[in-house]
Structure formats: structure tokens, C-alpha cells
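# Structural features, examined
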Amino acid sequence: MAEEKFPGPIQISLALAKEWIKRYEDENLIEDNKNKIRSYLIPRESLETVLQLEAEAVRAYIGINDQNEKTLLFVGAKLDNETGKYIDVYGPPVNQDGAKMLGEVVYDGTRPSPPF
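Residues numbered from 1 in each chain as written. Predicted model: local features only at pLDDT ≥ 70, side-chain atom pairs only at ≥ 80, totals over all residues. Heavy atoms only, no water.

Let us now look at the pairing of strand E4 (residues 57–64). As paired elements, E4 and strand E5 (residues 70–80) share eight bridges and run antiparallel to each other. By the bridge assignment for E5, Ile64 is matched with Lys70. (Pairing = 2+ DSSP bridges. Helix = DSSP H or I, 4+ residues; strand = E, 2+ residues; numbered from the N terminus.)

To summarise the sheet geometry, strands pair through backbone hydrogen bonds and adopt either a parallel or an antiparallel arrangement. The three strands lie next to each other as E4-E5-E6, forming an open sheet whose pairing is antiparallel. At either margin of the open sheet sits one strand with a lone partner, and together these are E4 and strand E6 (85–89). Averaged over neighbouring strand pairs, the angle between their axes works out to 45 degrees when direction is ignored. Bridge count between E5 and E6: five bridges; the pairing is antiparallel. Residue pairing for E6: Lys78 is matched across the bridge by Ile87. Taken strand by strand, helix H2 (residues 44–51) contacts E4 and E5, and its axis lies near 20 degrees from that of E5. (Axes fitted to C-alpha atoms, helices over the stretch in contact; angles between N-to-C directions. Contact = heavy atoms within 4.5 Å.)

Moving on, we come to the nonpolar core. Within soluble globular proteins, side chains that are nonpolar generally end up buried alongside one another. Core analysis: the largest hydrophobic core is formed by seven residues, namely Val50, Leu53, Leu72, Phe74, Val89, Val105 and Tyr107. Sequence-distant contacts of Tyr107, defined by excluding residues within four places in its chain, comprise Ser46, Thr49, Val50, Leu53, Leu72, Leu73, Phe74, Gly91 and Pro92. (Core = buried A, V, L, I, M, F, W, Y, C linked by side-chain atoms within 4.5 Å. Buried < 20%, exposed > 50% of the residue type's maximum accessible area, 1.4 Å probe, protein only.)

Once that is clear, we can look at the pairing of E5. Among the eleven residues in E5, eight count as buried, and that is most of the element. Counting the residues that bridge the hairpin from E4 to E5 gives five residues, and of these Asn68 lies at a positive phi of roughly 65 degrees.

Quick look at the side chain of Ser113 now. Residue position: Ser113 is located in strand E9 (residues 111–113). Residue classification places Ser113 among the buried positions, given a relative accessible area of 17%. Setting aside its immediate chain neighbours within four residues, Ser113 contacts Lys36, Ile37, Arg38 and Ser39.

Turning our eyes to something else, we now look at the confidence of the model for the protein chain. For the protein chain, per-residue confidence averages 79 on the pLDDT scale, and 77% of positions sit at 70 or higher. When pLDDT is averaged over each helix and strand of the protein chain, the minimum, 55, is found for strand E1 (residues 30–32) and the maximum, 94, for E6. (pLDDT = per-residue confidence, 0-100.)

Counting across every chain of the model gives three salt bridges. The closest approach of N and O atoms between Arg23 and Glu19, which form a salt bridge, is 3.1 Å. Of this pair, Arg23 and Glu19 both sit in helix H1 (residues 14–28), separated by four residues, roughly a single helical turn. Note on Glu19: relative accessible area 44%, which makes it partly exposed. Note that Glu48 is salt-bridged to Arg44, the shortest N-O span being 2.5 Å. (Salt bridge = Lys/Arg side-chain N within 4 Å of Asp/Glu carboxyl O.)

All right, on to a nonpolar patch on the surface then. Residues Ile42, Leu47, Leu51 and Val58 make up a contiguous nonpolar surface patch of roughly 310 Å² in combined accessible area. Looking at the element boundaries, Val58 is found in strand E4. On the accessibility criterion, Val58 (37% relative accessible area) is partly exposed. (Patch = residues over 30% accessible without salt bridge, like charges linked within 9 Å, V, L, I, M, F, W, Y side chains within 5 Å. Areas by Shrake-Rupley, 256 points an atom, 1.4 Å probe, with all protein chains shown as cover.)

Below you can see the structure in the form of C-alpha cells.
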């Protein structure tokens, strides 16, 4: 993926990252069961699995799971050359705990921090 397709470099300094995080927190901290969500803990398996898709990028959607926790849901994304927009790429159906999932899948596993 070419960096010029995104607004700026894919690597920034830790100092700049801290500045961006503070700016976000100052304006947008989300209250979740009296905890202010500052980050998400993302299992390596979630990232590795979505990176195996035929995609050029990863898109993260924000959702609320069955435990009423805010979570990030990951899908692959690839550029549609006709439209110039990125389209979602989903994982194939998988068997999980003996149950067959119907349809394409997205990848979860994240937990809000704090408390995790």
C-alpha cells in the first residue's frame, strides 16, 4: 500500500502520538460503566488473522458487544480501482466450538481499557 493514499505517514513519533491521544481524550472521552475508555487491548491473533486476508488495509468498526462493552471489529479493506474507495474484505465462514458460522466473518476480541 502506498503511503500517499492516506493522509500522512504511517509512522509517527511517540511524542506526537501522546499529543494526539491527549487531544482526543480532552474532547472525546467516552464513559463506559464509570470507566473512561482510553484504549483497546487487541489480541495478536485478531490482527494476524485479518492481515491474512487479501487486503491492502485493515478497517476498524466500533461496536457494543453482548456484555455491553465497546469493542473494535476488524475487517480487511482493498482499493476498488473503479471507484477509488476502499471496500471491506471479510473472512470466510469458520467452525468455532463445533458450531458452523453462516456467512462471512469479522474479527473481534478487543476489550476496552481500562479496565483491561
